[in-house]
Amino acid sequence: MDHRDICFIGGDRRIAYMAQILLREGCRVLCYGTWKPASENDSPQEQKFLPSRKLPAKEAGTASSLKEALDGAGTIICGIPFEKGGFLNCEGRLQIPIAEFQRRLRKKQKVFGGILPEEFRRHCEERSIDCHDFMKDEPLTLFNAVATAEGAILEALSHKDTLLHQSRCLILGFGRCGSLIADRLGGLRAEVFVTTGNPAELALAETKGYQTFPLAELAKHVSRFDYIFNTIPACYLGENCLPQVRQDSLIIDIASGKTGVDYELAKDLSLHALFCPGLPGKYAAKSCAERLVKYVLDNIP
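Keep in mind the model is a prediction, meaning the values are calculated, not measured. (Residues numbered from 1 in each chain as written. Predicted model: local features only at pLDDT ≥ 70, side-chain atom pairs only at ≥ 80, totals over all residues. Heavy atoms only, no water.)

To continue, consider a nonpolar patch on the surface. Residues Leu-154, Leu-157 and Tyr-283 make up a contiguous nonpolar surface patch of about 250 Å² in total accessible area. With respect to the helices and strands, Leu-154 occurs in helix H5 (residues 138-158). We classify Leu-154 as partly exposed; its relative accessible area is 38%. (Patch = residues over 30% accessible without salt bridge, like charges linked within 9 Å, V, L, I, M, F, W, Y side chains within 5 Å. Areas by Shrake-Rupley, 256 points an atom, 1.4 Å probe, with all protein chains shown as cover. Salt bridge = Lys/Arg side-chain N within 4 Å of Asp/Glu carboxyl O. Helix = DSSP H or I, 4+ residues; strand = E, 2+ residues; numbered from the N terminus. Buried < 20%, exposed > 50% of the residue type's maximum accessible area, 1.4 Å probe, protein only.)

The residue Asp-226 is located in the loop between helix H8 (218-221) and strand S12 (227-230) in this model. A distance of 2.7 Å separates polar atoms of two side chains, one belonging to Asp-226 and the other to Arg-246. Apart from residues no more than four positions distant in its own chain, Asp-226 is found in contact with Lys-160, Ser-167, Arg-168, Arg-246, Asp-248, Ser-249 and Leu-250. (Polar contact = N/O pair within 3.5 Å; in protein donor to acceptor, adjacent residues only side chain to side chain. Contact = heavy atoms within 4.5 Å.)

Taken in spatial order, the six strands make up an open sheet running S3-S2-S1-S4-S7-S8, and their pairing is parallel. Edge positions in the open sheet fall to strand S3 (61-62) and strand S8 (130-133), since each of these has one partner strand only. (Pairing = 2+ DSSP bridges.)

What follows covers the nonpolar core. Counting residues in each nonpolar core, the largest one holds 26 residues, and the members touching the most others are Ile-181, Leu-185, Val-192, Phe-229 and Ile-252. Those elements that place two or more of their residues in this core are H5, strand S9 (168-172), helix H6 (176-187), strand S10 (191-196), S12 and strand S13 (250-253). When sequence neighbours within four positions are dropped, the list of residues in contact with Ile-252 reads Ala-152, Glu-155, Ala-156, Ile-228, Phe-229, Asn-230, Leu-274 and Cys-276. The next biggest cluster of nonpolar side chains, apart from the first, holds 24 residues, and it includes Ala-69, Phe-82, Cys-90 and Phe-120. (Core = buried A, V, L, I, M, F, W, Y, C linked by side-chain atoms within 4.5 Å.)

Here H6 spans 17 Å end to end across 12 residues, near enough to the 16 Å set by a 1.5 Å rise per residue. Burial in H6 covers these residues: Gly-178, Leu-180, Ile-181, Ala-182 and Leu-185. Those residues of H6 that are buried are in contact with H5, S9, S10 and S12. Positive phi shows up at Arg-189, right after H6, with a value of about 65 degrees. (Expected span 1.5 Å × (residues − 1).)

Let us now look at the pattern of salt bridges. On inspection of all chains with the given rule, the structure shows 14 salt bridges. We note a salt bridge from Asp-5 to Arg-28, for which the minimum N-O separation is 2.3 Å. Separated by 23 residues along the polypeptide, Asp-5 in strand S1 (residues 5-9) and Arg-28 in strand S2 (residues 28-32) bring together distant segments of the chain. Close ionic contact of Asp-298 with Lys-294 constitutes a salt bridge, the shortest N to O distance being 3.0 Å. Of the two residues, Asp-298 and Lys-294 both sit in helix H11 (residues 285-298), four residues apart, roughly one turn of that helix. Per residue, the accessibility class of Asp-298 equals that of Lys-294, and both read exposed.

Given below as structure tokens:
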């Protein structure tokens, strides 16, 4: 089994760029249900390809079935996140149940993906299939947070006709993404506030010069802000707080699972709340792909 025989299944534009880079590295590449990066000559409709579409020989090949994709592969690269609702994270109408995917895997294959379910990891370990989770690697996680922070700011600039300069911005949470968003907003000379339920994070934000208040006081302060960036995967922007949010405020929610905001209530209140998943793939696909490829090459023979 040659681990430089690589198949890509699903994923966003990061995964598609990885396929191109690995081709240049001399790997043999087959794709199933993933993206084709846009070229200068592509129309928007040509930026995706379906599993049956044949690509030029100089590009990655396209498998017509999951069986064809997996049979000749030593390495399988899936999306970030790996799964959505029990199916592999694929584009378009293609649905591959996790159970079917793992049933077709073979001993000694290597599987890469982001946020691998623990049950899937255990299944692979029992069958001597090597799993690598992109989001368990600290350097990759930090780089992903940088791309997420820059993407969140681009979303803010794209959906509100005001400057971030001298605006009042609130960040919920001060982990990797929250701290990086704060840093970028500070560089744009925004007035940055941080709230979190973690006393250590709150103290760290204060040492960096940001204005802070405890998360328990969110409803008391939330009306003060032009932009609200949520990084906490829990619904603190719900019935206690949303009625106090100003009509001209913009909420950018990057927390996983669409759990950070009561979106039905926000709609009823005519508030502008955006759920923004997959920002690295949307805004920094090529840069992220280069880092992901390095991780893959470091972990295959």
